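Read off the chains here:
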Amino acid sequence: MVMPAGLASAMVHSRATAPVALWRLAFVVLLTHFVVAVAAAAALDVAAKPCHSASVDADDGCLSWRVMVEANNARGWRTVPAPCVAYVRGYMTRGQYGRDLSSVMDQVAAYVDTVEADADGLDAWILDIDDTCLSNLLYYEAKQFGAYDPSAFKMWATKGACPGIPAVLELFATLQAKGFKVFLLSGRDEETLATCTSDNLESEGFLGYERLIMRSPDYRGQSSSLFKSAMRKRLVEEEGYRIRGNVGDQWSDLQGDYVGDRVFKIPNPMYYVP
Ligand SMILES: [Mg+2]
């Protein structure tokens, strides 16, 4: 059979162009894969960057500074670093402080469950007052978390308006119900602040404690750590108490002599007391 010239020509052309079409198709497929892969990588990169940048930049290193404070690595600081004032305000007022405090109290409660008060009435707990039983957050917030100012603080304390810290009040009640003697030990000046402090404690529900121990004139000018060590030593050596637990917001509440069987640190990135 004789093939028409036009059809023969078309078949020759078709055989010649088929491989070209296949190569074109393969090229398009490869190019599409490449473009999709590049776009996906770019999307992952874009998605990852804000998280990373936010975690590093948003707190300006202040989370690390707070951890250093709580771990007692940062010592002797006189004021919250200026770049961290907003961070500390946020930490104290937007929930994280409350969650951390609650976690500490959970640990205290778990320990309290394991200890019993002896019938001799000599098993004792020590609780600090400022920012342990009573909160000074309103005062420090108003002062922009600045340097410690003894006269301004005394004016604030004299008002007797420090709110009680509910989680610590709950611990206070639990300890009393279990038969422990609770001593409230504070570096506040006894001569000038005893009445307003005991009134403030009473108004916030801290009732029935064994004794309120404050800084007498003999201990003025001494570090809190030395003063509190001396008071605990007296309780243990002279009065025979066994300190089963000790709770405070400063390491100076929890270090030194006769600190007790267990110590518990409540968070406080607002100020440092030596
Ligand atoms: Mg305190």
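Residues numbered from 1 in each chain as written. Predicted model: local features only at pLDDT ≥ 70, side-chain atom pairs only at ≥ 80, totals over all residues.

- As named in an unreviewed UniProt entry, the chain is Acid phosphatase, taken from Oryza brachyantha.
- UniProt annotates the chain under Sequence similarities (unreviewed entry) with the comment "Belongs to the APS1/VSP family." (UniProt positions renumbered as here; feature names shortened; annotations may be inferred.)

## With respect to the overall build of the chain
Reasoning step 1: The secondary structure content of the chain amounts to ten helices and five strands.
Reasoning step 2: Evaluated residue by residue, the chain yields a buried proportion of 28% over its 274 residues.
Reasoning step 3: Within the chain, residue pairs in contact and separated by at least 24 positions form 76% of the contacts whose partners lie at least 6 positions apart. (Helix = DSSP H or I, 4+ residues; strand = E, 2+ residues; numbered from the N terminus. Buried ≥ 20, exposed ≤ 12 C-beta atoms within 10 Å, placed from the backbone. Contact = placed C-beta atoms within 7 Å.)

## Examining helix H2 (residues 62–70)
Reasoning step 1: Taken together, the buried positions of H2 are Cys62, Trp65, Arg66 and Val69. Projected down its long axis, H2 carries its buried residues within an arc of 100°, all on one side. Across H2 from its buried face, at more than 90 degrees, point the exposed residues Ser64 and Val67.
Reasoning step 2: Packed against the buried residues of H2 are helix H3 (85–93).
Reasoning step 3: Directly after H2, the chain includes Asn72, whose backbone phi takes a positive value near 65°. (Arc of directions from axis to C-beta.)

## Examining the pairing of strand S3 (residues 211–215)
Reasoning step 1: Two elements, strand S2 (residues 181–189) and S3, share four bridges in a ladder whose sense is parallel. Following the sheet pairing, Phe183 is matched in S3 by Arg211.
Reasoning step 2: Read from S2 through helix H8 (residues 190–203) to S3, the crossover connection turns out right-handed. (Pairing = 2+ DSSP bridges. Right-handed = clockwise from strand over helix to strand, strands pointing away.)

## Focus on the packing of helix H6 (residues 150–158) against H8
Reasoning step 1: As a packed pair, H6 and H8 sit with axes 9 Å apart at the nearest point and diverge in direction by 35°. From H6, Lys154, Ala157 and Thr158 reach across to H8, where they touch Thr192, Leu193, Cys196 and Thr197.
Reasoning step 2: Residue composition of the contact of H6 with H8, by class: three nonpolar, three polar and one charged. (Axes fitted to C-alpha atoms, helices over the stretch in contact; angles between N-to-C directions. Nonpolar A, V, L, I, M, F, W, Y, C, P; charged D, E, K, R; others polar.)

## Regarding unusual backbone geometry
Reasoning step 1: Of note, the phi angle at Asp60 is positive, near 55°, even though the residue is not glycine.
Reasoning step 2: When you line up the elements, Asp60 lands in the loop between helix H1 (5–57) and H2.
Reasoning step 3: A count of 14 C-beta atoms within 10 Å places Asp60 in the partly exposed class.
Reasoning step 4: Its identity as a non-glycine residue notwithstanding, Tyr258 has a phi of 50°, on the positive side.
Reasoning step 5: Residue placement: Tyr258 occurs in the loop between helix H10 (251–254) and strand S5 (263–265).
Reasoning step 6: A tally of 19 C-beta atoms within 10 Å means that Tyr258 is categorised as partly exposed.

## Quick look at the nonpolar core
Reasoning step 1: The biggest cluster of nonpolar side chains holds 30 residues, and the ones touching the most others in it are Ala124, Leu127, Cys133 and Val182.
Reasoning step 2: Of all elements in the fold, only helix H4 (96–112), strand S1 (123–127), helix H7 (166–177), S2, helix H9 (224–238) and strand S4 (242–248) reach the threshold of two or more residues within this core.
Reasoning step 3: Those residues in contact with Val182 that lie beyond four places of it in its chain are Trp125, Leu127, Phe172, Leu175, Gln176, Tyr209 and Glu210.
Reasoning step 4: Ranked by size, the runner-up nonpolar core spans 13 residues in total, among them Cys62, Tyr87, Tyr91 and Met270. (Core = buried A, V, L, I, M, F, W, Y, C linked by C-beta atoms within 7 Å.)

## Quick look at the confidence of the model for the chain
Reasoning step 1: Residue-level pLDDT values for the chain average 87, and 79% of them are 70 or greater.
Reasoning step 2: pLDDT under 50 marks residues 1–16. Its contacts with residues more than four places away, or in other chains, come to one contact.
Reasoning step 3: Within the model, the stretch residues 41–56 combines pLDDT values under 50 with zero contacts to residues more than four positions away or in other chains. (pLDDT = per-residue confidence, 0-100.)

## Regarding the sheet that holds S3
Within a beta sheet, neighbouring strands are joined by backbone hydrogen bonds and run either parallel or antiparallel to one another.
Reasoning step 1: Strands sit in the order S3-S2-S1-S4-S5 across an open sheet of five strands; the sheet is parallel. For this open sheet the edge positions go to S3 and S5, each flanked by a neighbour on one side alone. Sheet twist, expressed as the average angle between the axes of neighbouring strands with direction ignored, equals 20°.
Reasoning step 2: Across the sheet, H9 lies against S1, S2, S3 and S4, angled at about 150° from S2, the strand it touches most.

## Details of the environment of Ala109
Reasoning step 1: Looking at where Ala109 falls in the secondary structure, it is placed in helix H4.
Reasoning step 2: A sequence separation of 66 residues divides Ala109 from Leu175, and the C-alpha atoms of the two residues are 9.5 Å apart.

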